[in-house]
Amino acid sequence: MVEVLIIKIEILNVVIVLVYKSPEANPQQFKDQLMKIEHCLENLTNPAPNIILLGDFNLRHLKWEHLANTVISERIPGSSLNEQAHANDLLRMCDRFALNQQIEPTRKENTLDLIFTNNDELIRNIMITNTCYSDHNLIEVMTTMGNRPSKPVQIPGGGDFGKFNFNNKQINWEQINKDFTEINWEEQLENANLNQCLENISSVALKICSNRIPLRKRRKRCRLERERRSLYRRRKRITEQRSRTLSQERRKRLGREIETIELKLQESYKTQERQREQKAVSEIEKNQKYFFSYAKSRLKTTSSIGPLRKGDGTFTDDNKEMSELLRKQYDSVFSKPLNALKIDNPNEFFMDMIPTSNHISDVTLSHCILKKP
């Protein structure tokens, strides 16, 4: 399986290509998706945009450095033929569009998550840190792109149409169309200049919307969401400090702080899920739609294990270490059998306990016995 998402941000003149290639993907699937990416990049208009290609490519046996230093002509030791074909196709496309690889190892000794760009000055800083949420490392990329949001166009006398819920299923659109057709537009726009025409049309539309369309319901922000945003900001700040410090002792201390923050984030999500479940149960009688919507969202769930605490008090998310910890915990709850109480021949042992007389071999049950009170 190969998945691709391409986004162009016009205001920043940048194209972001997100790719996920599963380890089982065959060469033709990957090649077809790369051809689609090339087709999109070929048809970009001038001025030529900055390109960022990133994702999980699952190319385990490549030692990724900058693209100019990566050998593609000879087979890489330990890689399969499919993986070699994937690497060759990817590197040919990157070479064509002058895309350089920016990431060091992100999954133990492997580099599965890659970032390519045609403008090395676009990447200001890359921080790679461990996380308890995945066996991949967490990658945070800081760019030189400025955040220049465009100002919304102000319509004279237009009011705020964003307060209306145009997606409400109970809106009578036929009645709204009728209201617009009953307006004498010639009278409304007579002897008006362009700005006045726009203002009159907006005022009429706002009045009709106020009568026919319900307002949006303001969503109350959950306390847990506010706390999580604060934790995310704090983690980002500590991660930046950790990337700048040279002291190994301070790096370890900051690493422990990041680990504590991630555990708090994990507990916050669990608490929110418990609250949603309790709300769904309490709403069974009054709001069955909410209950069944929640139940449906839980039909397909993926459970994760870890991180687990080791004997020295530290946490681990390594699958092998967690398996060993769970095995030891499983063994610890069972008592060891005593050889003195071991029964070698169960048949002889239990037959000796059966009395020789009044031995019951069969029990016959009749309708009378079963009906008897």
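Bear in mind the structure is a predicted one, so any value in this text is a computation, not a measurement.

> Please give an account of the overall build of the protein that cites residues and values.
Helices and strands together make up the secondary structure of the protein, namely eleven helices and nine strands. For the protein, with 373 residues in total, the buried portion stands at 27%. Considering only contacts within the protein whose residues lie at least 6 apart along the sequence, 59% involve residues at least 24 apart. Summed over all atoms, the accessible surface of the protein reaches about 27,700 Å², with 51% contributed by carbon and sulfur.

> Go over the pattern of salt bridges, please, and point to the residues and values.
Within the structure shown, the criterion is met by eleven salt bridges. A salt bridge links Glu 10 to Lys 8, with the shortest nitrogen-to-oxygen separation between them at 3.9 Å. Judged by its relative accessible area of 60%, Glu 10 falls in the exposed class. In this structure, the salt-bridge partner of Asp 179 is Arg 212, at a minimum N-O distance of 2.8 Å. With Asp 179 in helix H3 (residues 173-181) and Arg 212 in helix H5 (residues 194-212), this pair connects stretches of sequence that are 33 residues apart. Accessibility expressed as a relative area gives 13% for Asp 179, which makes it buried. Given a relative accessible area of 37%, Arg 212 falls into the partly exposed group. Sharing partners across several salt bridges, the network here consists of Glu 38, Glu 42 and Arg 96.

> So what's going on with the packing of aromatic side chains? Which residues, and what values?
Here the distance between the centres and the angle between the planes together describe a pair of aromatic rings. Applying the stated criterion across every chain yields a total of four aromatic pairs. Arranged with centres 6.1 Å apart and planes meeting at 85 degrees, the rings of Phe 57 and Phe 116 form a pair that is edge-to-face. Highlighted residues: Phe 57 in the loop between strand E3 (50-56) and helix H2 (81-96) and Phe 116 in strand E5 (residues 113-117), separated in sequence by 59 residues. Assigned by exposure class, Phe 57 and Phe 116 land together as buried. Ring plane angle 65 degrees and centroid distance 6.1 Å describe the contact between Phe 164 and Phe 166, whose orientation is recorded as edge-to-face. Residue classification places Phe 164 among the buried positions, given a relative accessible area of 1%.

> Tell me about the sheet that holds strand E4 (residues 100-101), residues and numbers included.
Taking strand neighbours across the sheet as the criterion, the five strands line up as E1-E2-E3-E5-E4 in an open arrangement whose pairing is mixed. The two strands at the open ends of the sheet, each matched to only one other strand, are strand E1 (2-9) and E4. Of the pairings in the sheet, the one linking E3 to E5 comprises five bridges and is antiparallel in character. Across the sheet, Gly 55 pairs through a bridge with Leu 114, a residue of E5. Along the sheet, helix H1 (residues 27-42) makes contact with E1, strand E2 (14-21) and E3, crossing E1 at roughly 10 degrees.

About the thresholds
Residues numbered from 1 in each chain as written. Predicted model: local features only at pLDDT ≥ 70, side-chain atom pairs only at ≥ 80, totals over all residues. Heavy atoms only, no water. Helix = DSSP H or I, 4+ residues; strand = E, 2+ residues; numbered from the N terminus. Buried < 20%, exposed > 50% of the residue type's maximum accessible area, 1.4 Å probe, protein only. Contact = heavy atoms within 4.5 Å. Areas by Shrake-Rupley, 256 points an atom, 1.4 Å probe, with all protein chains shown as cover. Salt bridge = Lys/Arg side-chain N within 4 Å of Asp/Glu carboxyl O. Phe/Tyr/Trp six-rings, centres within 6.5 Å; stacked < 30°, edge-to-face > 60°. Pairing = 2+ DSSP bridges. Axes fitted to C-alpha atoms, helices over the stretch in contact; angles between N-to-C directions.

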